[in-house]
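Observations on the three-dimensional arrangement
Chain by chain, the residues run as shown.
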Amino acid sequence: MRAILTWVDKVVDRDKIDQCVWDMCFSPDGNKLIVAAGNRVLVYDANDGTMVQPLKGHKETVYCVAYAKDGKRFASGSADKSVIIWTNKLEGILKYTHNDAIQCMAYNPVNHQLASCAVGDFGLWSPEQKSVSKHKVSSRITCCSWTNDGQYLALGLYNGLVSIRNKVGEEKVKVERPQATLAPIWSLSWNPNKDEPYDVLAVADWAQRLSFYQLSGKQIGKDRALGYDPTCLNWFSKGEYVVLGGANKQCTLHTKEGVKLGIVGEQMSWVWCCAVKPDSNYVAVGCQDGTLAYYQLMFSTVHGLYKDRYAYRDNMTDVIIQHLITDQKVRIKCRDLVKKIAIYRNRLAVQLPDRIVVYELYSEDLADMHYRVKEKINKKFECNLLVVCSSNIILCQEKRLQCLSFQGVKEREWIMESLIRYIKVIGGPASREGLLVGLKNGQILKIFADNAFPMLLLKQNTSVRCLDLSCSRAKLAVVDEHNICLVYDLATKDLLFQEPNANSVAWNTSYEDMLCFSGNGMLNIKASNFPVHQQKLQGFVVGFTGSKIFCLHVYAMSSVDVPQSAPMYQYLEKKMFRDAYKVACLGVTEGDWEVLAHEALESLDFDTAKKAFIRIRDLRYLELIHGIEERKKRGETDNMVFLADVHSYQGKFGEAAKLYKKANHEQRALNMYTDLRMFDYAKEFIGSGDPQDKKILMSKQADWAKSSNEPKAAAEMYISAGEYSKAIDIIGDNGWPDMLMDLARKLDKADRESLGQCARHMARLEQYGHAAEVYTKMGDMKSLIAMRVEAKHWDDAFTLVEKHPEYKEEVYVPYAQWLAENDRFEEAQQAFHKAGLQAEAVKVLEQLTVNAVVENRFDDAGYYFWKLAIQCLDIARDEPKKHDEMMAKFQEFQTKADTYYIYHTIYRHVIEPFTSVLPEGLFNMSRFLLHCMEEGTPRGVSKASTLYTLAKQSKNLGAYKLARHAFEALQNLRIPSRFQDAVDLGSLSIRAKPFQDSEELMSMCYQCPLVSDPAGCCQ
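Residues numbered from 1 in each chain as written. Predicted model: local features only at pLDDT ≥ 70, side-chain atom pairs only at ≥ 80, totals over all residues. Heavy atoms only, no water.

**A closer look at the overall build of the protein**
Along its length, the protein carries 26 helices and 55 strands. Taking all 1019 residues of the protein together, 49% fall into the buried category. At a minimum sequence separation of 6, the contacts of the protein that also span at least 24 residues come to 40%. Total accessible area on the protein is roughly 49,700 Å²; 48% of this is exposed by carbon and sulfur atoms. (Helix = DSSP H or I, 4+ residues; strand = E, 2+ residues; numbered from the N terminus. Buried < 20%, exposed > 50% of the residue type's maximum accessible area, 1.4 Å probe, protein only. Contact = heavy atoms within 4.5 Å. Areas by Shrake-Rupley, 256 points an atom, 1.4 Å probe, with all protein chains shown as cover.)

Laid out in structure tokens, this is it:
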């Protein structure tokens, strides 16, 4: 920090006697300075220190002045016990009095209420009220201040207490302070920063302390010892710093925590008041001997940079480390004035007034931003420049360089021939880092931390202002005192080039042949020996990495993204594709990558082109390059063909065709045109060439028409090209039977494949007459019959079979299957029989019987078994070898037919409530069924239903003995639950009947009708 005296004045009375300056304040716009000196109020122009006008109105010494925040009025208070309100036009408009001398006053920043404080009371006045409300206090008021929101007024008392009142004068908080009676409060002020989490009150007392309090009265931190009696205290307009003055005859600057930063100005007598100009860095100081001084404070930038890490001082006592790429920040609170900062790799060095603190990163992670203290060197050092290495601190003082260990031990010292103007760490192994040093006499040296002997790199005639070394250490860039940027080759010491208007320079750390320099508000980027590319930039260039330039403007460091398009195009013009690729890797747009890729490809630099296309993810061109590389591996060397391939991919088809023709690869050109559907160009290219090529071209054009949804044109082209099969498929798929029939009639009957294709499409389109005509033309009766069968044209099929009986099976079998599918099983069975498929016919009947039984259609089952029996007789007659087998089956099927036919009546009687069959009939049927079941019960026939019917009808007809046997048999069977009650009841009731049967119901032997035969047969 540096204080520059802008102007000074001496306040005297008419007799030239010095008048003490008791108080002062600025107008809100900062143009006027109101001064309380003697018995006058003096108005100064703050810019140049001229007195605008002295204001007379008080009879005794004026102790205090205050300006309203709206700038419309200000007030003055005097020992004559009066307060005068003045307008901004310097006219007095109001005067009121207290009972004692006025000590201090303050305007409310919100409602412009004036608080005027006397020895024993204070008053509150506002323009809206006629009277002044006054409030008594227990001790003398020495100072006062309003909070930012205007809700509370703090009063500093002579008894060492602080009284906090609301805006109507009621005391809300009383701050009790240690040793208050011995420490009168002489000045206090609220922090004007509205961004603070709570209101902060700074208090200075005559116990030589500076303290800070919250609105609640809680102290913030500890008391700061001043070493002198303070008389005035003021905040900078944004609350970053505190300005103090007092008995030490100085005005000093402190942090908002109370840490002393420096001296604003030294005077010859006590400093009684100080004021800070709003929104600026100007401070006015008033003294006991009448001196009025006006200072401008200059805050220098203290910072350090290493690659993308930038460390700088903030609020004079903090260090902020900023990652320029991610913009991540971390703050280190040093709680003392930061004088110098240096940063290198994972080290950070901070010089404080009485020590140097070395920090290190917690981890080796490049993204880590957390630092911890590594070492402290508790010594006071005077130096111009500070540099940190991995194990050392380098201090620069004029011509001397000192290398210290982190423990403060001096390891090495270098004495230069001239003043050191610039120093920079250029890297190297730990404890052996190299430093680049520029001197005022033009010498540029390299120093190693472990070597006592400097190395002279080169000597120039002008003083060094800025230096930087290229990433390969081969080139050196220097900015001299005449703002000229000079670039040297260190191997030959030759001057490569020079550029004017430079104030700083930086090499690109990612590319050897690129640097940038700034000057005259412009950023200049130079690649190799190409012309400089310029763009506007405010500030100084301090670093250059990839496409990011780090720029320091005033106090702020920023990273500027600079596309490397211009240097890349400079290399492209010279066909330096590899260098252009390296530049592009630093950062260019996608369009620039595309240009680079195509330029390299056209020049057949496939390696560079491949890398560039990978960057923009262009798979199409990558496939092309891969194909060319594979062909090269197989031995192809004709670059003209490769270039033609490139032109064809780029859409330069005419040039590609010329190159193909020149390389004797006309077929490639023809394929290119046909693939692109550029058939007119292809025909033009062929001219009057080979007819076979024309035919192939026509076929490809037809393929294109087909894919372009122009089927008719495609079909006609296929017919012209002689590819009838493709034409027939297109015509058939689109359902054009007339066109298809015309083509079929034109075809030769020897072309059976195409004719068959036509016929199939006709059949599919249900043009059976046309299809029959085509099959007849072919003489393919089998396919014709198959078509009729498939179309279910049975009459036409039977007619054809009559003429061609060898195809009988091809008709009757599908016909029988169709009948079976349509539930015409009997006809299906007959059809199988006609087809000579006896096994199939029997299988159909067997399945019919099974289905009938499952569905309880027992009369149908009996009928089907009868049909099966007849079928067996036919087979036995036609096939003598199977006579015995078929006769046995005939007997089986005949018995089953009788059984199912009779059981149908029994089943209907059981499940239906009424029946038309007489009881005698049911009685005989059930008795017959039981006799048939002696050899086995057929599937689906219920023995329980049969016995139930027999028992029921026997009982009704008087065959009680038989009924009793039937009920007893039912007791041994599992019967349906619906019959259970009837069976149980019948079993009981039958026992009451005689144990005999009616003779009419006895079985008769028909061989000897006169004898009753219970067994049903004559013994």
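There is more to say after this.
**Describing the packing of helix α3 (residues 590–602) against helix α4 (residues 606–615)**
Viewed as axis vectors pointing N to C, α3 and α4 meet at an angle of 155 degrees, and their least axial separation amounts to 8 Å. Classified by the angle their axes make, α3 and α4 are roughly antiparallel. As α3 packs across α4, the resulting crossing turns out to be left-handed. On α4, the residues that touch W593, L596, A597, H598, A600 and L601 of α3 are F606, T608, A609, A612, F613 and R615. When grouped by side-chain class, the residues that make up the contact of α3 with α4 number nine nonpolar, two polar and one charged. (Axes fitted to C-alpha atoms, helices over the stretch in contact; angles between N-to-C directions. Parallel < 35°, antiparallel > 145°, perpendicular 65-115°, else oblique. Left-handed = near helix turned anticlockwise from the far one by under 90°. Nonpolar A, V, L, I, M, F, W, Y, C, P; charged D, E, K, R; others polar.)

**So, the packing of aromatic side chains**
A complete count under the given rule lists 24 aromatic pairs for this structure. With centroids separated by 6.4 Å and ring planes inclined at 65 degrees, the aromatic side chains of Y158 and W186 adopt a geometry described as edge-to-face. Note that Y158 is positioned in the loop between β15 (152–157) and β16 (162–166) and W186 in strand β18 (residues 185–190), a separation of 28 residues in sequence. Between F530 and Y571, the ring centres sit 4.9 Å apart and the planes meet at 90 degrees, which makes this aromatic pair edge-to-face. (Phe/Tyr/Trp six-rings, centres within 6.5 Å; stacked < 30°, edge-to-face > 60°.)

**Details of the environment of Y282**
Checked against the element boundaries, Y282 lands in strand β27 (residues 282–287). Filtering out sequence-adjacent residues up to four positions away, Y282 remains in contact with T6, A275, V276, K277, Y294, Y295 and Q296.

**Some words on empty space enclosed by the protein**
Applying the stated rule across the entire model yields one cavity of 30 Å³ or more. In this structure, the largest cavity spans a volume of roughly 40 Å³. As for the largest cavity, its lining consists of E240, T255, K256, E257, N315, T317 and D318. For the lining of the largest cavity, the residue count by class is no nonpolar, three polar and four charged. (1 Å grid on protein atoms, 1.4 Å probe; cavity = no way out; pocket = protein on both sides within 12 Å on 5 of 7 lines; lining within 4 Å. Points joined across faces, edges and corners; volume = space filled by probe spheres on them.)

**Focus on the packing of helix α2 (residues 577–587) against α4**
Interaxial distance between α2 and α4 falls to 9 Å at its minimum, and their mutual angle equals 20 degrees. Taken together, the axes of α2 and α4 lie roughly parallel to each other. Our pair here, α2 against α4, has a crossing hand that is left-handed. Of the residues in α4, those touching α2 at F577, R578, Y581 and C585 are D607, T608, K611, A612 and R615. Across the contact of α2 with α4, the residue classes tally to four nonpolar, one polar and four charged.

**Considering the sheet that holds strand β12 (residues 121–125)**
If you walk across this open sheet you meet the four strands as β10-β11-β12-β13, and the pairing is antiparallel. Bordering the open sheet on either side are β10 (102–107) and β13 (133–136), each of which pairs with just one other strand. Strand-to-strand twist across the sheet, computed as the mean angle between neighbouring axes with direction ignored, equals 20 degrees. Pairing analysis gives four bridges linking strand β11 (residues 114–118) to β12, with the strands arranged antiparallel. When the sheet's bridge partners are listed, C117 is paired in β12 with F122. (Pairing = 2+ DSSP bridges.)

**Here we look at the pairing of strand β47 (residues 485–489)**
Most of β47 is tucked away: four of the five residues are buried. Examined bridge by bridge, strand β46 (residues 475–480) and β47 share five bridges and lie antiparallel to one another. Directly across from V479, in β47, lies its bridge partner C485. In textbook terms, the turn of a hairpin is the stretch between consecutive antiparallel strands, and for β46 and β47 this stretch comprises four residues, one of which, N483, has a positive phi near 60 degrees. Inspection of the sheet shows β47 paired to strand β48 (residues 494–499) by five bridges, in the antiparallel sense.

**Details of the pattern of salt bridges**
Enumeration over the complete set of coordinates arrives at 32 salt bridges. Close ionic contact of R372 with E360 constitutes a salt bridge, the shortest N to O distance being 3.3 Å. Linking R372 in strand β36 (residues 371–377) with E360 in strand β35 (residues 355–361), this pair joins segments that are 12 residues apart in sequence. With a shortest N-O distance of 2.6 Å, K475 and D513 are connected by a salt bridge. With K475 in strand β46 and D513 in the loop between β49 (504–507) and β50 (514–519), the pair connects residues that are 38 residues apart, well separated along the chain. For K475, a relative accessible area of 19% gives the class buried. (Salt bridge = Lys/Arg side-chain N within 4 Å of Asp/Glu carboxyl O.)

**Some thoughts on the nonpolar core**
Counting 48 residues, the largest nonpolar core has V319, I321, L348, I393 and L401 as the members making the most contacts within it. It is β35 that provides the largest number of residues to this core, a total of five residues. Those residues in contact with L348, other than ones at most four positions away along the chain, are A311, V319, I321, I332, I341, A342, I343, V357, V358, Y359 and Y371. (Core = buried A, V, L, I, M, F, W, Y, C linked by side-chain atoms within 4.5 Å.)

**So, the environment of S603**
Looking at where S603 falls in the secondary structure, it is placed in the loop between α3 and α4. The class of S603 is partly exposed, set by a relative accessible area of 34%. With 28 residues separating them along the chain, S603 and K575 place their C-alpha atoms 8.3 Å apart. Not counting residues within four places of it along the chain, the set of residues in contact with S603 comprises K575 and F577.

**Some points on the confidence of the model for the protein**
Per-residue confidence for the protein gives a mean pLDDT of 83; residues scoring 70 or more make up 86%. When the criterion is pLDDT under 50, residues 1011–1019 qualifies, and its contacts beyond four places in sequence or with other chains add up to 14 contacts. (pLDDT = per-residue confidence, 0-100.)

**Side note on the sheet that holds strand β17 (residues 171–175)**
The four strands are arranged β14-β15-β16-β17 in an open sheet whose pairing can be described as antiparallel. If you trace the sheet from one side to the other, it starts and ends with β14 (141–146) and β17, each paired once. The mean inter-strand angle of the sheet, taken between neighbouring strand axes irrespective of direction, is 20 degrees. In the sheet, β15 pairs with β16 via five bridges, with the strands oriented antiparallel. Counterpart to A154 in the pairing with β16 is I164.

**Here's the deal with the side chain of Q351**
With respect to the helices and strands, the residue Q351 is situated in strand β34 (residues 347–352). At 2.9 Å, the side chain of Q351 forms a polar contact with the backbone oxygen of F381. Q351 has contacts with L337, V338, K339, K340, I356, F381, C383 and L386, leaving out every residue within four places of it along the chain. (Polar contact = N/O pair within 3.5 Å; in protein donor to acceptor, adjacent residues only side chain to side chain.)

**Section: helix α7 (residues 653–662)**
Turn by turn, an α-helix covers 3.6 residues, leaving residues three or four places apart pointing in a common direction. Within the sequence span of α7, burial applies to A656, A657, L659 and Y660. With its buried residues spanning 165 degrees around the axis, α7 presents them on a single face. Exposed residues pointing more than 90 degrees away from the buried face of α7 are listed as K658 and K662. Immediately downstream of α7, the backbone of N664 shows phi near 60 degrees, a positive value. (Arc of directions from axis to C-beta.)

**Some words on the state of the cysteines**
Scanning the entire structure with this criterion turns up zero disulfides. As a non-bridged cysteine, C144 has C104 as the owner of its nearest cysteine sulfur, 3.7 Å distant. Free cysteine: C396, not disulfide-bonded; nearest cysteine sulfur from C383 at 7.9 Å. (Disulfide = S-S within 2.5 Å.)

**As for the environment of K446**
Within the secondary structure layout, K446 lies in strand β43 (residues 443–448). Separated by 23 residues in the primary sequence, K446 and I423 place their C-alpha atoms 9.7 Å from one another. Dropping the residues within four chain positions of it, K446 is found in contact with I426, L435, P454, M455 and L457.

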